[in-house]
Structure formats: structure tokens, C-alpha cells
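Per-entry structural report
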Amino acid sequence: MVTHENLLGGPPPTHLPDDPEPRELLASGTAPAEVAAKYPTSSLAWAQLADDAFVDGRTVESYAYARTGYHRGLDALRRSGWRGHGPVPFEHEPNRGFLRALHALARAAGAIGEQEEHERCTQFLRDSSPTAADTLS
């Protein structure tokens, strides 16, 4: 992987390690609840649960699933050297579970009227990855 010097002086992008098993199981049609039970640290599984619940009108469940995926993602980011800010590129596929969970948390927070959380998560998503903010919105 080629890395470039950050001319803006900010932290380098964080790239989570690949964890293909949950992604492959979800792609093959395995129920997200089964994937989350087998891989509870997978933000991607929790994000999928949040998306499914939201589509079904189960907004509070979506919020809870998204919050779980978000916190699992924060744990993974910290283990990867992230220090609370800086780019988390959507282009790096292993980052997408966290970014999807963050988006789902913002969406569900807005839906239940928790405006401050909605705004904070929306801005955090945009600051982490403008591409994710544009793609997931």
C-alpha cells in the first residue's frame, strides 16, 4: 500500500484490518443476527441489523443496533491507532461497517427526535469520510 505525506498536518487515515468472514456471510444471505452472534465485534453485522430494523419501522431497535456497531467500530479504530479524529476512508472496505453504523445511528437518532445526537453523528460521518457521507445519505 502506498502512503502519502499528509500536507494538511492532520492525522493519517485509519484503515481497519480486513475481517472478511462477516462480510462474506452477509453477502451469501446469512441472517445478520446470526452473523452478529458469531462475530459480535463486526460493525458491519450490527449496521445491517440497524438498516433492516429501520426499513421495517423498528426505529428504536435500529438505534440500539447502530449504537452497538458504532461502539464496536470505535474500539476497532482505537486498536488501529486512531486517536479520536482523522480520516476513516470509505474507499477502504473494512472501514465501511463502522461508517455504515455511524450513518445508521445518525439516521435513527434523527427519527426519534434526538437532534443533538443526529447532528453530532452526521458531522462525525462527514469529518471521517466525505465519501461515506455522500454515498450513504
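What you are looking at is a predicted structure, and each value in this text was computed from that prediction instead of being measured.

Quick look at the overall build of the protein chain now. Secondary structure assignment for the protein chain yields seven helices and zero strands. Seen in sequence order, the protein chain has helices and strands lined up from the N terminus as α-α-α-α-α-α-α. Taking 2.2 N^0.38 as the reference for a compact globule, 137 residues should give roughly 14 Å; the C-alpha atoms of the protein chain span a radius of gyration of 15 Å, in line with that estimate. Its C-alpha atoms give the protein chain principal-axis dimensions of about 45 × 35 × 25 Å. Across the 137 residues of the protein chain, 39% fall into the buried class.

Evaluation of the coordinates by the stated rule reveals ten salt bridges. Aspartate 18 serves as the salt-bridge partner of arginine 23, at 2.9 Å between the closest nitrogen and oxygen. The class of arginine 23 is partly exposed, set by a relative accessible area of 23%. We note a salt bridge from aspartate 134 to arginine 126, for which the minimum N-O separation is 2.9 Å. Here the residues in one salt-bridge network are Asp18, Arg23 and Glu93, joined through shared partners.

Time to look at the side chain of aspartate 51. Within the secondary structure, aspartate 51 is located in helix H3 (residues 43–55). Its relative accessible area of 18% is what places aspartate 51 among the buried residues. Leaving out residues up to four positions away in the same chain, aspartate 51 has contacts with Arg100, Ala104 and Arg107.

Our next topic: the environment of histidine 118. Take histidine 118: it is sitting in helix H6 (residues 115–128). In this view, histidine 118 contacts Ala106, Arg107, Ala109 and Gly110; residues no more than four positions away in its chain are not counted.

What follows concerns the packing of H3 against helix H4 (residues 59–79). One way to put it is that H3 packs onto H4 with a least axis distance of 8 Å and a crossing angle of 165°. Relative to H4, the element H3 lies roughly antiparallel. Relative to H4, the crossing made by H3 is left-handed. Across the interface between the two elements, Ser43, Trp46, Leu49, Ala50, Ala53 and Phe54 of H3 pack against Thr59, Glu61, Ser62, Tyr65, Ala66, Thr68, Gly69, Arg72 and Gly73 of H4. Per-class residue counts for the contact of H3 with H4 are seven nonpolar, six polar and two charged.

When pLDDT drops low, the exact placement of atoms in the prediction is not to be read closely. On average, residues of the protein chain score 95 in pLDDT, and 94% of them reach the 70 mark or higher. Under a pLDDT of 50 for its full length, residues 1–5 has, in the predicted model, one contact with residues more than four places off or in other chains.

Take the side chain of asparagine 95 next. Along the polypeptide, asparagine 95 turns up in the loop between H4 and helix H5 (96–111). A distance of 3.0 Å separates the side chain of asparagine 95 from the backbone oxygen of threonine 14, its partner in a polar contact. Those residues in contact with asparagine 95, other than ones at most four positions away along the chain, are Thr14, His15, Leu16, Val88 and Pro89.

Next up on the list: H5. Here H5 spans 22 Å end to end across 16 residues, near enough to the 22 Å set by a 1.5 Å rise per residue. Counting buried positions along H5 gives twelve out of 16 residues, so the element sits mostly inside the fold. Looking at H5, one finds that the buried residues are Gly97, Phe98, Leu99, Arg100, Ala101, Leu102, His103, Ala104, Leu105, Ala106, Ala108 and Ala109. Residues of H5 that are buried in the fold lie against H3, H4, H6 and helix H7 (130–136). In the stretch just after H5, glycine 113 is the one whose phi turns positive, near 85°.

The rules behind the values
- Residues numbered from 1 in each chain as written.
- Predicted model: local features only at pLDDT ≥ 70, side-chain atom pairs only at ≥ 80, totals over all residues.
- Heavy atoms only, no water.
- Helix = DSSP H or I, 4+ residues; strand = E, 2+ residues; numbered from the N terminus.
- Rg over C-alpha atoms; globule rule 2.2 N^0.38 Å.
- Buried < 20%, exposed > 50% of the residue type's maximum accessible area, 1.4 Å probe, protein only.
- Salt bridge = Lys/Arg side-chain N within 4 Å of Asp/Glu carboxyl O.
- Contact = heavy atoms within 4.5 Å.
- Axes fitted to C-alpha atoms, helices over the stretch in contact; angles between N-to-C directions.
- Parallel < 35°, antiparallel > 145°, perpendicular 65-115°, else oblique.
- Left-handed = near helix turned anticlockwise from the far one by under 90°.
- Nonpolar A, V, L, I, M, F, W, Y, C, P; charged D, E, K, R; others polar.
- pLDDT = per-residue confidence, 0-100.
- Polar contact = N/O pair within 3.5 Å; in protein donor to acceptor, adjacent residues only side chain to side chain.
- Expected span 1.5 Å × (residues − 1).

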